[in-house]
Amino acid sequence: MQPVDADHHLNVITGTAFDLESVDSTCGLALIDKEAQILSANTAFFHLLDSSADHLGKSVLCVTNNIDPSATKRLRQILFRDQCGFYDLTSKTDKKVLRLHISGFRQPFRLLLLENAPINKQLTYGNGCIAGNNSVISSLVDKNALNALISDWKPSGSGDSLATIMIGLDGFKQVNETIGRANASQLLNFVAQRLLRVSRSSDTVAYYEGDTFVILQTNQAQPASATATAERLVELLQRPFLIDGQQINISASIGLATAHSENDTAGNLTKHAELALFEAKNNARGSYQWFERNLEKKIQEQQELEVSLRRALFLQEFELFYQPQASMQSKALVGFEALIRWNRPIKGRLSPHSFIALAENLGEIQKIGKWALFTACKEASAWPGTLKVAVNISPKQFENGNLVETIKAALTASGLKPERLELEITEGLLIKDIQNTIKQLWAIQALGVSVAMDDFGTGYSSLNYLNSFPFSKIKIDQSFVRGKQTDKSRALVKAVISLGLALKIQTLAEGVETKQQFDYLAANGCMEAQGYYIGKPVPAHKVRMFVNSFQFNSCNKDLC
């Protein structure tokens, strides 16, 4: 299939004269009215149909004499039912297959796009419509054409409306990396098929970019119509896809925006839908969100946060705090976990929950993670005795393969002994490239550095990873410790502790805040604890003072 040259026909969609005769393209373009009469068409349209240009003003059916009668009958039904979509037409003489795409973009006019269909790459979907394996998306309206349609919209009455439904697949990047580019492309095609099945005949379905699609609704009762479509799409796209014998599960988030008059600035409709989609992904993936005015302020703040984060390391705005960890048997300090803080000017100090995910998305985590590792090793080297320092490692730090060398450099520069450094990782990083992760973790252990699994029990592969990777410690997630204590939660904590004992792996409970919690965990064999009951995080310059004055459960409040 030859690609549609958007630059050639954009002027047709956005103009007022709708003169297609001068459009030079290998694709046939025609504008028809509600009676299917040809208002304007380019030369390629008539050439592909083996017809002549003197049929202007006549019905499309007058130029289909060389098309198979069954296809002509089907086309008649489509045209007079005001349906949109794409359909295959077969020539009676040479059996050539033409792909006809019908877009209902400016009622009562419709745009027809005609091109040669790919050979031997067809599949059936929906109500008997046929499309090539790689052509479902390419047959949709593209981003430029969609924006032109929206910009060209002008309400003709008080009841006219225009709504944009923007659909973004959740976690598509990870799916792409898991199943491969070819299968990911097939997944996008299958998603496009489902969108076409849900859409009304007057809707325009567009492939926007990446993993994002748009459905444009005109003159429907809003917001009811777009809401109903969004609810249907959320449910439909959660159903499994079968690709190359493999079941793929994915969800979609949806942003909705509507305009009812020219004062609603239809040209900003996609921008508003994007903001709503962004909000839906942040709040609860697999949901939909209507655009609200406060989202513009929110996204502006988000953009300011991104700019500030990119320069925060250069401006030395990061700082490490250290939360103490104690032995449950001896009640003595055994080490500290390094916790990064961002001292943002004017806004104040931010915890890692506010910016680490953003740093990963922006690609800044490699530099920030390296800084945190070097700084923690340097500051811990001044601590008395054999106190350990635990440093969190982002999944992204494993991707470039340089983590082992970075650790070596940090130990060498600081003089910290390897056995005093512990890396904390979550199972999320292990999903992407297991073999690469295994190789690096064993190399880290060979240095004498210990590795702890953080937030144990919150994922679905924890047990499998314990069997595969060289963990020396399990950190029991604080949700099991601080949450409402039930027979079930107690049984789970006991099971994790017993598992650690059986595998000769240390266990540390996070979020210990009360004596009751501490005593229960200690009585069941947990080895170490971390939480406010032991002590709050302290800045680096107060760690030595904290250590010297530490008495179990009576830490200096000025220090904490």
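As the structure is a computational prediction, the values presented were derived from the model and not from experiment. (Residues numbered from 1 in each chain as written. Predicted model: local features only at pLDDT ≥ 70, side-chain atom pairs only at ≥ 80, totals over all residues. Heavy atoms only, no water.)

1. Comments concerning the overall build of the protein
Inference 1: The secondary structure content of the protein amounts to 18 helices and 24 strands.
Inference 2: Counting the 560 residues in the protein, one finds 51% classified as buried.
Inference 3: When contacts within the protein are restricted to residue pairs at least 6 apart in sequence, long-range pairs at least 24 apart make up 61% of them.
Inference 4: By element, 49% of the accessible surface of the protein is carried by carbon and sulfur atoms, the whole surface being about 26100 Å². (Helix = DSSP H or I, 4+ residues; strand = E, 2+ residues; numbered from the N terminus. Buried < 20%, exposed > 50% of the residue type's maximum accessible area, 1.4 Å probe, protein only. Contact = heavy atoms within 4.5 Å. Areas by Shrake-Rupley, 256 points an atom, 1.4 Å probe, with all protein chains shown as cover.)

2. Some details on the nonpolar core
Inference 1: In this structure, Val-389 and Leu-421 are the most contacted members of the largest nonpolar core, which totals 70 residues.
Inference 2: Sort the elements by how many residues they give to this core and helix H11 (residues 365–380) lands first, with 7 residues.
Inference 3: Among residues more than four places away in sequence, those in contact with Leu-421 are Leu-373, Cys-377, Val-389, Val-391, Ile-407, Leu-411, Leu-416, Val-449 and Ser-450.
Inference 4: Counting residues in each nonpolar core, the second largest holds 35 residues, with Ile-137, Val-175, Leu-236 and Phe-241 among its members. (Core = buried A, V, L, I, M, F, W, Y, C linked by side-chain atoms within 4.5 Å.)

3. Here's the deal with the confidence of the model for the protein
One rule of thumb: low pLDDT means the predicted coordinates there are not for detailed reading.
Inference 1: Summing up the model confidence of the protein, the mean pLDDT is 82 and the portion of residues at 70 or higher is 83%.
Inference 2: The least confident element of the protein is strand S6 (residues 123–125), whose mean pLDDT is 30; the most confident is strand S18 (residues 388–392), at 97.
Inference 3: Predicted confidence is poor over residues 1–17, with pLDDT under 50, and the contacts of this stretch with residues over four places away or in other chains come to 37 contacts.
Inference 4: With pLDDT under 50 throughout, residues 119–134 is counted as low confidence; its partners more than four residues away or in other chains account for 36 contacts. (pLDDT = per-residue confidence, 0-100.)

4. Considerations on the packing of helix H6 (residues 181–198) against helix H7 (residues 224–237)
Inference 1: Contact geometry for H6 and H7: axes closest at 11 Å, N-to-C directions at 145°. Relative to H7, the crossing made by H6 is right-handed. Between H6, through Val-191, Arg-194, Leu-195 and Val-198, and H7, the contact on the second element is made entirely by Thr-229, Arg-232, Leu-233, Leu-236 and Leu-237.
Inference 2: In the contact of H6 with H7, the residues fall into 6 nonpolar, 1 polar and 2 charged. (Axes fitted to C-alpha atoms, helices over the stretch in contact; angles between N-to-C directions. Left-handed = near helix turned anticlockwise from the far one by under 90°. Nonpolar A, V, L, I, M, F, W, Y, C, P; charged D, E, K, R; others polar.)

5. Points about the sheet that holds strand S9 (residues 204–209)
Inference 1: If you trace the 5 strands from one edge of the open sheet to the other, you get S9-S10-S8-S13-S14, paired in mixed fashion. Two strands close off the open sheet at either side, each with one partner strand: S9 and strand S14 (288–290). Sheet twist, expressed as the mean angle between neighbouring strand axes with direction ignored, is 20°.
Inference 2: Lying on the sheet, helix H4 (residues 143–152) is in contact with strand S8 (162–169), S9 and strand S10 (212–218); it crosses S9 at an angle near 125°. (Pairing = 2+ DSSP bridges.)

6. Observations concerning the pattern of salt bridges
Inference 1: Taken as a whole, this structure holds 17 salt bridges when the rule is applied.
Inference 2: The shortest N-O distance in the salt bridge between Glu-209 and Lys-143 comes to 3.2 Å. Separated by 66 residues along the polypeptide, Glu-209 in strand S9 and Lys-143 in helix H4 bring together distant segments of the chain.
Inference 3: Its relative accessible area of 37% is what places Glu-209 among the partly exposed residues. (Salt bridge = Lys/Arg side-chain N within 4 Å of Asp/Glu carboxyl O.)

7. What about unusual backbone geometry?
Inference 1: In this structure, the amide linkage connecting Gln-222 to the following residue, Pro-223, adopts the cis form with an omega of 10°.
Inference 2: With respect to the element layout, Pro-223 can be found in the loop between S10 and H7.
Inference 3: Although it is not a glycine, Asp-50 sits at a positive phi angle of roughly 55°.
Inference 4: Mapped onto the fold, Asp-50 is located in the loop between helix H2 (43–48) and helix H3 (69–80).
Inference 5: By relative accessible area, Asp-50 is classed as partly exposed at 49%.
Inference 6: A positive phi angle is found at Ile-346, which is not glycine, with a value near 70°.
Inference 7: For Ile-346, the position within the fold is in the loop between strand S16 (333–344) and strand S17 (348–350).
Inference 8: We classify Ile-346 as exposed; its relative accessible area is 88%.

8. Some words on helix H12 (residues 403–414)
Inference 1: Between its terminal C-alpha atoms H12 stretches 17 Å, which fits the 16 Å expected from 12 residues at 1.5 Å a residue.
Inference 2: Considering only its buried residues, H12 is in contact with H11, strand S19 (421–425) and helix H13 (434–446).
Inference 3: Positioned one or two residues after H12, Gly-415 has a phi angle of 80°, which is positive. (Expected span 1.5 Å × (residues − 1).)

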